[in-house]
Amino acid sequence: MPSLAYLSHSDCGRHDTGWSHPEHVGRLRAIPRALREDAELFHLLEHRESRHADPAELALAHDPRYVAMIRELAEVGGARLDADTVVSEGSWAAATAGAGAVLDALDLAFGDGPRRSFCAVRPPGHHALRDSGMGFCLLGNVAVGAHYARARHGAERVLIVDWDVHHGNGTQALVQDTPAIHFVSMHQWPWYPGTGAAQDRGPHQSVWNVPMAAGLPRETYVSAFLSAVDSATVGFTPDVVLLSAGFDSLAGDPLGGFTLEMDDVERLTMELVSRAEQWCDGRLVSSLEGGYAPERLGEACVRHMRALVGR
Ligand SMILES: [Zn+2]
């Protein structure tokens, strides 16, 4: 039985930002391309097409009027929400498939398995706020998932970890009022979007922000991240772990200055897999966030999935 589900949907390619935008559809295409070159891994995965999240599910984290607005903007052909964030005709289908992948992954994790999933989706989600999109993100895929795990599957405690090079400001905003959801974000500082100071712990001290300078030795990021994960789980055993897997924290990414390499992706993933095994029967749902060098992104996703499978 496969130990890892690979969830995606062709609709995620319908979010059309244009080829000059860093978050273009070529990012997503690079993942199956890299995966097909690793036949052994390809055959170890349970391949699934995700469902679309419905408005009631999205309302677990978002203002229903905002959700309706995204749908309406897509129906009339699209609009620009801010300088970076676009709604195109296909964006409603794409964004709801992205959030739906995380929800499907949670259904698997709390159901008959696989307990671990990787959601290859776009647009990304961790900057999306309750009533607005920003930073390429429309819907808070992982934050919606955290609330869904509690509401639908009876999870009491949820841990979200985010190693994207940018602060997961949207995720923080969408979960920080729920003390049973702990959130860890390591990110470049100072950098977009400008939030995520270490002293910003949220109203219930349930947020662990780890701001880091660019260009540090790789190991410094790895140990800072893992030590924050361990701090966030003192006396708090999560029932599921959600990972915002942003691969713009790799060296050479055009939108970040961190120095992580493929071996670090593998190490961090294995550390999370092993903690999830101890905490919660291995329930770990990873969802793609950033990563703007498509070839590197494809390779990183393959290394990440290999570590998730345990091979
Ligand atoms: Zn990012």
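It should be noted that the structure appears before, not after, this text.
Reading guide: rules and limits
Residues numbered from 1 in each chain as written. Predicted model: local features only at pLDDT ≥ 70, side-chain atom pairs only at ≥ 80, totals over all residues. Heavy atoms only, no water. Helix = DSSP H or I, 4+ residues; strand = E, 2+ residues; numbered from the N terminus. Expected span 1.5 Å × (residues − 1). Buried < 20%, exposed > 50% of the residue type's maximum accessible area, 1.4 Å probe, protein only. Contact = heavy atoms within 4.5 Å. Axes fitted to C-alpha atoms, helices over the stretch in contact; angles between N-to-C directions. Left-handed = near helix turned anticlockwise from the far one by under 90°. Nonpolar A, V, L, I, M, F, W, Y, C, P; charged D, E, K, R; others polar. Pairing = 2+ DSSP bridges. Core = buried A, V, L, I, M, F, W, Y, C linked by side-chain atoms within 4.5 Å.

Taking 1.5 Å per residue as the helical rise, helix α8 (residues 218–232) with its 15 residues ought to reach 21 Å, and the 22 Å between its terminal C-alpha atoms agrees with that figure. Restricting attention to buried positions, one finds in α8 the residues Y221, V222, A224, F225, L226, A228, V229 and A232. Lining the buried residues of α8 we find β6 (158–162), β7 (181–188), β8 (207–212) and α9 (262–280).

Let us now look at the packing of α9 against helix α10 (residues 294–309). Running from N to C, α9 and α10 cross one another at 30 degrees; their axes reach a closest spacing of 8 Å. The element α9 and its partner α10 pack so that their crossing is right-handed. For the pair formed by α9 and α10, the contact residues are M262, D263, V265, E266, T269, M270 and V273 on the first element and R296, E299, A300, R303, H304, A307 and L308 on the second. For the contact of α9 with α10, the class distribution of residues is seven nonpolar, two polar and five charged.

With parallel pairing, the eight strands of this open sheet are ordered in space as β2-β1-β5-β10-β9-β6-β7-β8. Strands at the two margins of the open sheet, each flanked by one partner only, are β2 (45–49) and β8. In this sheet, neighbouring strand axes are inclined to one another by 15 degrees on average, regardless of whether the strands run parallel or antiparallel. Pairing of β6 with β7, which is carried by five bridges, proceeds in the parallel orientation. Note that in β7 the partner of V161 across the bridge is V184.

Okay, unusual backbone geometry next. The amide bond that connects R122 to the next residue, P123, takes the cis arrangement and shows omega of -5 degrees. You can see P123 is positioned in the loop between β5 (116–119) and α6 (141–153). Cis geometry is found at the peptide bond from Y192 to P193, where omega equals 0 degrees. Tracing the backbone through its elements, the reader meets P193 in the loop between β7 and β8.

Summarising burial for β8: five of the six residues are buried, a large majority. Strand direction decides the pairing type here: β7 and β8, joined by six bridges, are parallel. Bridging across to β8, H187 finds its partner in P211.

To continue, consider α9. In this model, α9 (19 residues) spans 26 Å end to end at C-alpha, consistent with the 27 Å of a helix rising 1.5 Å per residue. Listing the buried residues of α9 in full gives M262, D264, V265, L268, T269, L272, V273, R275, A276, W279 and C280. Positioned one or two residues after α9, D281 has a phi angle of 60 degrees, which is positive.

Our next topic: the nonpolar core. Judged by nonpolar contacts, the single largest core of 94 residues is most densely connected at V158, I160, V161, L242, F247 and M305. Among the elements that make up this core, the one with the highest residue count is helix α5 (residues 91–110) (ten residues). If we skip the residues at most four places from it in the chain, L242 touches V102, L106, V142, G145, A146, V158, L159, I160, V161 and V285.

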